[in-house]
Structures are given as structure tokens and as C-alpha cells.
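Fold and geometry: a report
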Amino acid sequence: PFYGRGWMGVTPLNNGLHQAWDGPVVEYSYSRLAADFIDQQGYQRCWDAEAMQPYLWNPDLATFITYDDPVSLREKAHYVRKHRLGGIMYWEHSHDPEETLLDAIRDGLTSQSPATSPASRRFPAAAGETRRSSENRSRAGATPIPSWDD
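So, here is what we can say about the structure in this document. (Residues numbered from 1 in each chain as written. Predicted model: local features only at pLDDT ≥ 70, side-chain atom pairs only at ≥ 80, totals over all residues. Heavy atoms only, no water.)

1. Quick look at the pattern of salt bridges
- For the structure on display, the rule yields seven salt bridges.
- With a closest N to O distance of 3.4 Å, Arg5 and Glu27 form a salt bridge. Of this pair, Arg5 sits in strand S1 (residues 3–8) while Glu27 sits in strand S2 (residues 25–29), and the two are 22 residues apart along the sequence.
- Judged by its relative accessible area of 36%, Arg5 is partly exposed.
- Note that Asp36 and Arg32 form a salt bridge whose closest N and O atoms lie 3.6 Å from each other. Of this pair, Asp36 and Arg32 are both found in helix H1 (residues 30–37), four residues apart, which corresponds to roughly one turn of the helix.
- A cluster of three or more residues bridged by salt bridges with shared partners is formed by Arg74, Asp103, Arg106 and Asp107. (Salt bridge = Lys/Arg side-chain N within 4 Å of Asp/Glu carboxyl O. Helix = DSSP H or I, 4+ residues; strand = E, 2+ residues; numbered from the N terminus. Buried < 20%, exposed > 50% of the residue type's maximum accessible area, 1.4 Å probe, protein only.)

If you want it as C-alpha cells, here you go:
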């Protein structure tokens, strides 16, 4: 989807990944996440290598937000292309007014591999490892994201 879901009151283990929560569930558009949350206000961008999905963790607020981004959608689109599936369905186009996510889907469907896309495949490989996404794109020794092809 072109939006994220946030859980509050999350147990502070494993950066909130696979933990119980006792607070409300909130929805955020991707455009709002990109503008106001990703690596801001205490939210750390993390990567779930099993789900091939980013998430945000704010330990001070015990808040966990899961969402898709250009990297995860390129991976998913590449998987669709590789396995000759019928296509991709997404929900809520209005949550991506700049069409950043839509462009990532197109890139993944039309490129030969995710590695050919302009976005780097370098983000935290483990749930406990976090780095700013801008640092990952420029840091030479960063851990590459594993691919579904691996």
C-alpha cells in the first residue's frame, strides 16, 4: 500500500518488530512518512530482511510503523517480473502524489534486476541494525539488502 500503519505502546524489544502493542493503530500516507517521519523526530528507519520491508521504530514513543518504500516496491516488482506473475495491485494512489512509489514499481517491472535501479540496495540487514537512509546510500561499507533471488 502507499501508506503505513503505526502501532503505539509497542513492547520495546527487537526495535518493535513482531512485538505486542497496547495503544492505538494509526495510518500515515507515504508522502507524510517521507516528509515528517523517516529518520526524523526520533524515528529510525530499519529493514526487515525476511519481509524485504522497511519499518520505523521510535524507542522513546514505543511506536512502530510499517510501510512500503521505493526499495521494497522495486524488490516486489522485480519478483513479479521474475516469476512472470500477472501484475501488481496497490492501494491508495492519492497517498503518493509525487508518484515516487509508482515510479519504483514501474522501474522494478521494467528493469532486469533490482540492482539496476538508481536507488542503492544498502540498508540495515538485521532488525537490530539501524542507519540513516542517506548514510546508507553513500557509505561504501554498508550491508547490502538480501534479495528474494539470493
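2. Some thoughts on the environment of Lys82
- Along the chain, Lys82 turns up in helix H2 (residues 70–82).
- The sequence separation of Lys82 and Leu109 amounts to 27 residues, and the corresponding C-alpha distance is 8.9 Å.

By themselves, these observations are geometric and do not establish any function.
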